[in-house]
Amino acid sequence: MNLFCELTCSPHQSQFMNATKFKGENVTEVEYYIGQTFTNAMYNACQDVQAPSTNVKALSLLCGKDAQDCNATNWIQYMFNIDNGQTPFPIIPIFSDVGVHGYTPMNNKTYACTEGLEDGSGPCSCQDCTAACGPKPVPPPLPPPWTILGMDAMSVIMWLSYMAFLLIFVGALVVAWCCRSRTITSEYGPILDSNNPLSLNSDIPNQENGSCCETLGERFENLLRTFFSSWGSFCVRHPSVVLLGSLILVTACSGGLIYMRITTDPVELWSSPESQARQEKNYFDERFGPFFRTTQLIITTPINDTSIYSPYFGGSDVPFKAILFKDILHQ
C-alpha cells in the first residue's frame, strides 16, 4: 500500500519521482526512486504469504515467475512493467538508499510481518509469516531402549518363546512316537503277526470296538460317499435338467438386483436425513438456494500458436485463450 500510495498521491512526489516522457500534457513514463531498505523490508514481509485460491505463494502471481526465483527487485520491476497487462505506462524503478541525480529515494517506515500496524491491525498469522510462528517445540527425549544382556529385549523374548515352543513341539512328537511304537506292530512285520489284534495287518474285522467319534466319522463319510455318488450319476444321466435347474436357481437368487439403487450423492451417503446438519442444509436450500463449492477451471489448447487471426475482433491478432474463454462465457 505504501509503494503505490506514494507513487500516485504523495505530496512529496517531486523528491523521488521523475517524469521522463510525455504525450501532450499526459505523462507516459516515469522514474520511481525507491529505497533499497524499503524494498527488502517489503519483500521479507510478503515472501511467505499464501494465495488461498491457488494454494501457492502470492509472489508466484505478482512476480511473473515462481516464488523461489523472485527477489525484492525483480518483483517490483514486474509490477511496474507494462507487459504484465495491468500497468498503464512504464514505471522505471531505481533502487538506492542514497540520493541519485538529486532525488531522495522513497524510504517510508515499514512493518515486519510480526508487527501490528498503527490502526490497530494485528501481525500476520503463522501461516503467512514464518517469524510469527515462534520457536518450534522441542520433542521430548526418547526413552532409553529396553535391553537384556545388551540386546533388544523384545528380540530376546521372541527368540526364547520360539525355542520353548520348538522344544515342546518336538518333545511331544518324540513321546507320541515312542508310545505308538510300543502298542502298534509295524505294518512291515511278518504276515504271521496278522492275528495280533494290535497289528495293522490284521485280517480279522471288528477286532476292537471303535470309539463313538470313530463310528460317527465312518457313518458320515459313508453318507457323503453315497450322496455324491448318487448326485454325480444323476448329473450324468440328466444334464439338461441340472443345467436348467441351475439357471432357474441363479435367476431367482439374482432377481433382487432389479430393486438395487446406487447412491452416489455424498450427502445421501454420509448424512442421515434426521441429523441436525441435514435439516439445517435443507432449510438453507429451501430459502436461499443450493450452495455449491468453488471449483477452479483450467482450460488449455493443443494449438501451439499463441495468436490467431479472427475477423470477429476487428481483424486483429487476439490471443487464442482469450477468444476461447470469451466464447465459453458467451455460451
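A few points on the structure. (Residues numbered from 1 in each chain as written. Predicted model: local features only at pLDDT ≥ 70, side-chain atom pairs only at ≥ 80, totals over all residues. Heavy atoms only, no water.)

Quick look at the nonpolar core
When a protein is soluble and globular, its nonpolar side chains tend to lie buried together.
Stage number 1. Leu3, Tyr32, Ile34, Trp75, Ile76, Phe80 and Met106 are the most contacted members of the largest nonpolar core, which has 25 residues in total.
Stage number 2. For this core, the elements supplying multiple residues, two or more each, are helix H1 (2-9), strand S2 (26-34), helix H3 (36-46), helix H5 (72-79) and strand S5 (91-95).
Stage number 3. When near neighbours in sequence (up to four residues on either side) are disregarded, Trp75 contacts Met42, Tyr43, Cys46, Leu59, Leu62, Cys63 and Cys70. (Core = buried A, V, L, I, M, F, W, Y, C linked by side-chain atoms within 4.5 Å. Buried < 20%, exposed > 50% of the residue type's maximum accessible area, 1.4 Å probe, protein only. Helix = DSSP H or I, 4+ residues; strand = E, 2+ residues; numbered from the N terminus. Contact = heavy atoms within 4.5 Å.)

Observations regarding the layout of surface pockets
Stage number 1. Its volume calculated, the largest pocket comes out at about 610 Å³.
Stage number 2. Around the largest pocket, the lining is made up of 25 residues, and of these Met1, Asn2, Cys46, Tyr111 and Leu117 lie nearest the centre.
Stage number 3. Going through the elements one at a time, H1, H3 and H5 are the ones with two or more residues in the lining of the largest pocket.
Stage number 4. The element that contributes the greatest number of residues to the lining of the largest pocket is H3, accounting for 5 residues.
Stage number 5. Broken down by class, the residue content of the lining of the largest pocket amounts to 17 nonpolar, 3 polar and 5 charged. (1 Å grid on protein atoms, 1.4 Å probe; cavity = no way out; pocket = protein on both sides within 12 Å on 5 of 7 lines; lining within 4 Å. Points joined across faces, edges and corners; volume = space filled by probe spheres on them. Nonpolar A, V, L, I, M, F, W, Y, C, P; charged D, E, K, R; others polar.)

Description of the sheet that holds strand S1 (residues 17-23)
Stage number 1. Taken together, 3 strands build an open sheet; the order of strands is S1-S2-S5 and the sheet is mixed. Pairing within the sheet leaves two strands with one partner each, and these edge strands are S1 and S5. When the angles between neighbouring strand axes are averaged without regard to direction, this sheet yields 15°.
Stage number 2. Bridge count between S2 and S5: 5 bridges; the pairing is parallel. Looking across to S5, one finds that Tyr33 is bridged to Ile94.
Stage number 3. Where H5 meets the sheet, its contacts fall on S2 and S5, and the angle it forms with S5 comes to roughly 160°. (Pairing = 2+ DSSP bridges. Axes fitted to C-alpha atoms, helices over the stretch in contact; angles between N-to-C directions.)

Quick notes on the pairing of S2
Within a regular strand, side chains alternate between the sheet's two faces.
Stage number 1. Pairing of S1 with S2, which is carried by 6 bridges, proceeds in the antiparallel orientation. Residue pairing for S2: Lys21 is matched across the bridge by Glu29.
Stage number 2. Counted between consecutive antiparallel strands, the loop separating S1 from S2 contains 2 residues, among which Gly24 sits at a positive phi close to 70°.

Some details on the side chain of Glu29
Stage number 1. Examined against the element boundaries, Glu29 turns out to sit in strand S2.
Stage number 2. One polar contact links Glu29 to Thr20, side chain to side chain, over a distance of 2.9 Å.
Stage number 3. Excluding residues that lie within four positions of it along the chain, Glu29 makes contacts with Asn18, Ala19, Thr20, Lys21, Phe89, Pro90 and Ile92. (Polar contact = N/O pair within 3.5 Å; in protein donor to acceptor, adjacent residues only side chain to side chain.)

Quick notes on the environment of Lys281
Stage number 1. Mapped onto the secondary structure, Lys281 falls in helix H10 (residues 276-288).
Stage number 2. Linking Lys281 and Phe291, residues 10 residues apart in sequence, is a C-alpha distance of 9.0 Å.

Observations concerning the state of the cysteines
Stage number 1. A complete count under the given rule lists 2 disulfides for this structure.
Stage number 2. Through a disulfide, Cys63 is tied to Cys70; the S-S separation comes to 2.2 Å. Judged by the sign of its S-S torsion, about 90°, the bond between Cys63 and Cys70 is right-handed.
Stage number 3. Paired by a disulfide, Cys126 and Cys133 hold their sulfur atoms 1.8 Å apart. On the S-S bond that ties Cys126 to Cys133, the torsion sits near 105°, and the link is right-handed.
Stage number 4. The exposure class assigned to Cys126 is partly exposed, which follows from its relative accessible area of 42%.
Stage number 5. Free cysteine: Cys178, not disulfide-bonded; nearest cysteine sulfur from Cys179 at 6.8 Å.
Stage number 6. Note on Cys178: relative accessible area 28%, which makes it partly exposed. (Disulfide = S-S within 2.5 Å.)

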